Amino acid sequence: LDDALADMTYLGEYLTSSTADAKCALPFCRFVRESKELRCILFDDALGFVVVRKLSDLYRDATVQMIRDRVPALTEQEAEAIFYFQINGCFAICKQHHRLENEDWCCVQNAIDQFIKGGISSFSARIH
């Protein structure tokens, strides 16, 4: 698990990308769906929190800062909430739909991506 999660810095880059149709090399949802050797850990209800906690420990600070750089009006607490929302939400939807064929999964993933990107871009006019 440590090796598999060792380089996921693209999560923050993906979340904070400025264009709604930006794609990263390997979104977290795709990583979860394609990690057949890790499924026993990733999809285990008792261990799923370990995965999320590990990702959070490794990438929370940098990703929260990237979110705040993209949306300066967000407080650190708000940016951290968005980080946890995305990690937990994407992880949950991957577990729920891991048996979908790639074409069907692509439609689900695109809807989620559009939702996330639209949410982030909606903060552009926000003033604290």
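In the block above lies the structure referred to throughout.
Predicted model only: the values in this text are computed from it and were never measured.

A. Up close: the state of the cysteines. For the coordinates displayed, the defined rule picks out zero disulfides. Summary of cysteine pairing: Cys 106 is not part of a disulfide, and the nearest cysteine sulfur, belonging to Cys 107, is at 6.0 Å.

B. The arrangement of helix α4 (residues 48–70) in detail. If you check α4, its first and last C-alpha atoms are just 29 Å apart, much less than what 23 residues at 1.5 Å a residue would give, namely 33 Å. In the structure, α4 departs most strongly from a straight axis at Tyr 59, where the bend amounts to approximately 60 degrees. Taken together, the buried positions of α4 are Gly 48, Val 51, Val 52, Leu 55, Ser 56, Tyr 59, Thr 63, Val 64 and Ile 67.

C. Just the nonpolar core, in detail. Counting 22 residues, the largest nonpolar core has Val 32, Leu 42, Ile 67 and Phe 91 as its most contacted members. Breaking this core down by element, the ones donating at least two residues are α2 (28–34), α4, α5 (76–96) and α6 (102–121).

D. Representation of the packing of α4 against α5 in the model. Running from amino to carboxyl end, α4 crosses α5 at an angle of 140 degrees, the nearest separation of the two axes being 9 Å. The orientation of α4 relative to α5 falls into the category oblique. Between α4 and α5 lies a crossing of right-handed hand. Between α4, through Gly 48, Val 51, Val 52, Leu 55, Ser 56, Tyr 59, Arg 60, Thr 63, Val 64, Ile 67 and Arg 68, and α5, the contact on the second element is made entirely by Glu 76, Ala 79, Glu 80, Ile 82, Phe 83, Tyr 84, Ile 87, Asn 88 and Phe 91. Residue classes in the contact of α4 with α5 are distributed as twelve nonpolar, four polar and four charged.

E. Region of interest: the environment of Ile 41. Residue position: Ile 41 is located in helix α3 (residues 39–42). Spatially, the C-alpha atom of Ile 41 lies 8.1 Å from that of Val 51, the residues being ten residues apart in sequence.

The rules behind the values
Residues numbered from 1 in each chain as written. Predicted model: local features only at pLDDT ≥ 70, side-chain atom pairs only at ≥ 80, totals over all residues. Heavy atoms only, no water. Disulfide = S-S within 2.5 Å. Helix = DSSP H or I, 4+ residues; strand = E, 2+ residues; numbered from the N terminus. Expected span 1.5 Å × (residues − 1). Bend = angle between axes of the 7 residues up to and from the residue. Buried < 20%, exposed > 50% of the residue type's maximum accessible area, 1.4 Å probe, protein only. Core = buried A, V, L, I, M, F, W, Y, C linked by side-chain atoms within 4.5 Å. Axes fitted to C-alpha atoms, helices over the stretch in contact; angles between N-to-C directions. Parallel < 35°, antiparallel > 145°, perpendicular 65-115°, else oblique. Left-handed = near helix turned anticlockwise from the far one by under 90°. Contact = heavy atoms within 4.5 Å. Nonpolar A, V, L, I, M, F, W, Y, C, P; charged D, E, K, R; others polar.

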